[in-house]
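Spelled out, the chains give:
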Amino acid sequence: MIHINEVSNLTNTTARTLRYYDQIGLLASSAKTQGGHRLYTEEDLQKLQQIQFYKSMGYRISDIKEMLTQPDWNWNAGLVKQLTYILDEQARLREMEQTIRTLLSGITVEEGNQEGAIQKLIKLTMQDKKRREHYKKAIFSDVELESWRNLPNMNGGNPESMEWIGLIGLLTKYHTCKEPSSPCVQNVIRRMLEKQKEEFENEDEFINKLWEVRKCPDSSEQLGLYPIQPEVLEYMERAYEIFISSDGERDTQLGEGT
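The rules behind each value
- Residues numbered from 1 in each chain as written.
- Predicted model: local features only at pLDDT ≥ 70, side-chain atom pairs only at ≥ 80, totals over all residues.
- Heavy atoms only, no water.
- 1 Å grid on protein atoms, 1.4 Å probe; cavity = no way out; pocket = protein on both sides within 12 Å on 5 of 7 lines; lining within 4 Å.
- Points joined across faces, edges and corners; volume = space filled by probe spheres on them.
- Helix = DSSP H or I, 4+ residues; strand = E, 2+ residues; numbered from the N terminus.
- Nonpolar A, V, L, I, M, F, W, Y, C, P; charged D, E, K, R; others polar.
- Pairing = 2+ DSSP bridges.
- Buried < 20%, exposed > 50% of the residue type's maximum accessible area, 1.4 Å probe, protein only.
- Salt bridge = Lys/Arg side-chain N within 4 Å of Asp/Glu carboxyl O.
- Disulfide = S-S within 2.5 Å.
- Core = buried A, V, L, I, M, F, W, Y, C linked by side-chain atoms within 4.5 Å.
- Contact = heavy atoms within 4.5 Å.
- Phe/Tyr/Trp six-rings, centres within 6.5 Å; stacked < 30°, edge-to-face > 60°.
- Arc of directions from axis to C-beta.

## Digging into the layout of surface pockets
Consideration 1: Roughly 1,600 Å³ of volume is contained in the largest pocket.
Consideration 2: For the lining of the largest pocket, the secondary-structure elements that each account for two or more residues are helix 5 (75–109), helix 6 (114–125), helix 7 (129–139), helix 9 (159–174), helix 10 (183–200), helix 11 (204–215) and helix 13 (230–257).
Consideration 3: In terms of residues, the lining of the largest pocket owes the most to one element, helix 11, which gives 7 residues.
Consideration 4: Counted by class, the lining of the largest pocket contains 24 nonpolar, 10 polar and 10 charged residues.
Consideration 5: Here the second largest pocket defines a volume of roughly 260 Å³.
Consideration 6: Taken together, 18 residues form the lining of the second largest pocket, with Arg214, Pro217, Ser220, Pro227 and Ile228 sitting closest to its centre.
Consideration 7: Listed by contribution, the elements that provide at least two residues to the lining of the second largest pocket are helix 6, helix 11, helix 12 (217–222) and helix 13.

Written as structure tokens, this is what we have:
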């Protein structure tokens with residue numbers, strides 16, 4: 001006979017859990033000591049390992065009890081049902097993960113404004129996804145829709161998307177305290193243009209169309225784009241124009257020097 005404390009150590013199961021299994025008739029102890037401590041046989045230990053195995057597959061205690069007590073348990077149907085449940089649960093968890101990633105990205109874009117990010121995310125999640133896709137196809141060509149898939153994603157979690165989000169967050173921060181022509185802002189614009197060239201080279205028409213849509217709050221919302229304050233977009237555009245103008249001047253000076 002094996003003492004309950006030893007069973008607990010061998011199987012990494014608390015004594016409290018073992019007592020609960022006994023109370024509900026899932027795993028009764030074969031005997032007790034004079035002091036009332038539960039004792040188990042090797043067969044009981046094997047049954048406990050079975051229970052732990054089924055639990056690792058995600059089965060509920062009520063299901064496990066049926067599996068152990070019903071000789072005619074339909075394993076094929078039971079496993080298919082459990083697999084379906086697990087796949088549904090995985091999909092639910094992936095959706096939760098994307099929501100959390102989007103919220104984290106939103107807080108970055110909003111410069112730490114948690115409430116603002118939450119409200120915007122709630123508004124996005126209430127949109128009709130089918131209507132959003134229909135609107136997207138009405139605006140962009142099939143070729144442009146392929147480019148759309150490469151856009152930074154608020155819930156992507158990949159380094160490219162995270163850098164875009166960080167850069168937008170910096171502009172959100174700077175637009176209230178820095179001139180668009182200031183070096184720190186121009187450095188952000190320079191990096192944005194570098195990334196644009198790296199990821200969307202020779203796709204200027206798509207980028208320009210996307211920017212026009214992004215500047216229109218209604219169109220941007222219908223496409224499911226994360227809302228960015230209009231004043232931040234205006235600030236970004238002014239900074240971009242300054243960068244392009246300065247870049248042109250540098251090219252002219254370089255040409256004259258040659």
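## With respect to the sheet that holds strand 1 (residues 2–3)
Consideration 1: Spatial ordering of the open sheet is given by 1-3-2, a layout of 3 strands whose pairing is antiparallel. Each edge of the open sheet is held by one strand with a lone partner, namely strand 1 and strand 2 (31–32).
Consideration 2: By the bridge criterion, 2 bridges tie strand 2 to strand 3 (residues 38–40) in an arrangement that is antiparallel. Across the sheet, the residue bridging to Lys32 is Arg38, located in strand 3.

## Focus on unusual backbone geometry
Consideration 1: With phi around 55 degrees, Glu111 is a residue other than glycine that occupies positive phi space.
Consideration 2: Mapping Glu111 onto the fold places it in the loop between helix 5 and helix 6.
Consideration 3: Backbone geometry places Asn202, a non-glycine residue, at a positive phi of 65 degrees.
Consideration 4: Of note, Asn202 is situated in the loop between helix 10 and helix 11.
Consideration 5: Asn202 sits in the exposed class, given a relative accessible area of 74%.

## Describing the pattern of salt bridges
Consideration 1: All chains considered together, the criterion is met by 17 salt bridges.
Consideration 2: For Lys120, the salt bridge is made with Glu110, and the minimal N-O distance between the two is 2.7 Å. Here Lys120, found in helix 6, pairs with Glu110, found in the loop between helix 5 and helix 6; they are 10 residues apart in sequence, far enough to count as distant.
Consideration 3: Through salt bridges with shared partners, a single network forms among Glu163, Arg190, Arg191, Glu194, Lys195, Glu198 and Glu199.

## Structural notes on the state of the cysteines
Consideration 1: Tallied over the full model, the rule gives 0 disulfides.
Consideration 2: The thiol of Cys177 is unpaired, and the distance to the nearest cysteine sulfur, on Cys184, comes to 7.4 Å.
Consideration 3: Since its relative accessible area comes to 23%, Cys184 is described here as partly exposed.

## Thoughts on the nonpolar core
Consideration 1: Leu171, Ile189 and Met192 are the most contacted members of the largest nonpolar core, which has 22 residues in total.
Consideration 2: Listing elements by their share of this core, those giving two or more residues are helix 6, helix 9, helix 10 and helix 13.
Consideration 3: With sequence-adjacent residues up to four places away left out, Leu171 is seen in contact with Val185, Val188, Ile189, Met192, Val232, Tyr235 and Met236.
Consideration 4: Ala15, Leu18, Leu26 and Tyr59 belong to the second-largest nonpolar core, a separate cluster that totals 17 residues.

## With respect to the packing of aromatic side chains
Consideration 1: Summed over all chains, the structure comprises 6 aromatic pairs.
Consideration 2: Relative to Tyr21, the ring of Tyr20 lies with its centre 6.3 Å away and its plane at 45 degrees, an arrangement referred to as tilted.
Consideration 3: Note on Phe140 and Trp148: the rings are 5.4 Å apart at their centroids and 50 degrees apart in plane angle, and the pair reads as tilted. The same class applies to Phe140 and to Trp148, which are both buried.

## Let's talk about the side chain of Asp22
Consideration 1: As for its position among the elements, Asp22 is in helix 2 (residues 15–23).
Consideration 2: Apart from residues lying up to four places away in sequence, Asp22 is in contact with Leu27, Ala28, Ser29 and Arg38.

## Here's the deal with helix 2
Consideration 1: Those residues of helix 2 not exposed but buried are Ala15, Leu18, Tyr21 and Asp22. With its buried residues spanning 115 degrees around the axis, helix 2 presents them on a single face. Helix 2 presents Arg16 and Gln23 as exposed residues on the side facing more than 90 degrees away from its buried surface.
Consideration 2: Tucked inside the fold, the buried residues of helix 2 contact helix 1 (4–11), strand 3, helix 3 (42–56) and helix 4 (61–69).
Consideration 3: Directly beyond the C-terminal end of helix 2, a positive phi value near 80 degrees is found at Gly25.

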